[in-house]
Amino acid sequence: MSLKRLPNHLIIVLKRLEFNYDIMQKTKINALCEFPMRLNLRQYSQQHLHTMAGKNPELLDQMPDDYYTYELKGTVIHMGFADAGHYYSLIR
């Protein structure tokens, strides 16, 4: 799987709920989730993968490095349980 075209604003949504068949209820995944302040997606682009495979090596030179780089602007946090709680956001 690869990214053909990158958006101006990247929004990533993580699945943080799952259904627990032992207790037959939705549960919240509370595992630590860390993310960088800057994220470079070049290695996940079709241009990069084609270049690494020896196909179309000229494609990688078409886009500047900042095309692949995103800076974290904010995050949404859920406090509570799978069926109840509230969300708040942190914005830079």
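Residues numbered from 1 in each chain as written. Predicted model: local features only at pLDDT ≥ 70, side-chain atom pairs only at ≥ 80, totals over all residues. Heavy atoms only, no water.

(A) Quick look at the overall build of the protein chain. Scanning the protein chain from N- to C-terminus turns up 1 helix and 6 strands. Listing each helix as α and each strand as β along the protein chain from the N terminus yields β-β-β-α-β-β-β. Rg of the C-alpha trace for the protein chain: 18 Å, well past the compact-globule value of 12 Å for 92 residues, more than 25% over. Taking the principal axes of the C-alpha coordinates as reference, the protein chain spans close to 55 × 35 × 20 Å. For the protein chain, with 92 residues in total, the buried portion stands at 14%. The contacts in the protein chain between residues at least 6 apart in sequence include a share of 47% that link residues at least 24 apart. (Helix = DSSP H or I, 4+ residues; strand = E, 2+ residues; numbered from the N terminus. Rg over C-alpha atoms; globule rule 2.2 N^0.38 Å. Buried < 20%, exposed > 50% of the residue type's maximum accessible area, 1.4 Å probe, protein only. Contact = heavy atoms within 4.5 Å.)

(B) Structural view of the pairing of strand S2 (residues 25–28). Across 4 bridges, the pairing between strand S1 (residues 17–20) and S2 is antiparallel. Bridge assignment links Leu 17 to a residue of S2, and that residue is Lys 28. Remark: 4 residues form the turn of the hairpin made by S1 and S2, two consecutive strands paired antiparallel; Met 24 in that turn has positive phi of roughly 55 degrees. (Pairing = 2+ DSSP bridges.)

(C) Geometry of unusual backbone geometry. Of note, Met 24 is a non-glycine position whose phi angle comes to about 55 degrees, a positive value. You can call Met 24 exposed: its relative accessible area is 53%.

(D) Representation of the confidence of the model for the protein chain within the structure. Per-residue confidence for the protein chain gives a mean pLDDT of 87, with 93% of residues at or over 70. Averaged pLDDT values for the elements of the protein chain fall to 82 in helix H1 (residues 46–52) and rise to 96 in strand S4 (residues 69–71). (pLDDT = per-residue confidence, 0-100.)

(E) Examining the pattern of salt bridges more closely. Taken as a whole, this structure holds 4 salt bridges when the rule is applied. Put simply, Glu 71 and Arg 38 hold a salt bridge, and the shortest N to O gap is 3.9 Å. Taken together, the positions of Glu 71 in strand S4 and Arg 38 in strand S3 (residues 38–40) put the pair 33 residues apart, joining distant regions of the chain. The exposure class of Arg 38 is exposed, given its relative accessible area of 54%. The partner of Asp 65 in a salt bridge is Arg 42, and the shortest N-O contact between them spans 3.0 Å. With Asp 65 in the loop between H1 and S4 and Arg 42 in the loop between S3 and H1, the pair connects residues that are 23 residues apart, well separated along the chain. Among the residues examined, Asp 65 registers a relative accessible area of 42% and is labelled partly exposed. Residues joined by salt bridges that share partners form a network here, namely Arg 38, Glu 71 and Arg 92. (Salt bridge = Lys/Arg side-chain N within 4 Å of Asp/Glu carboxyl O.)

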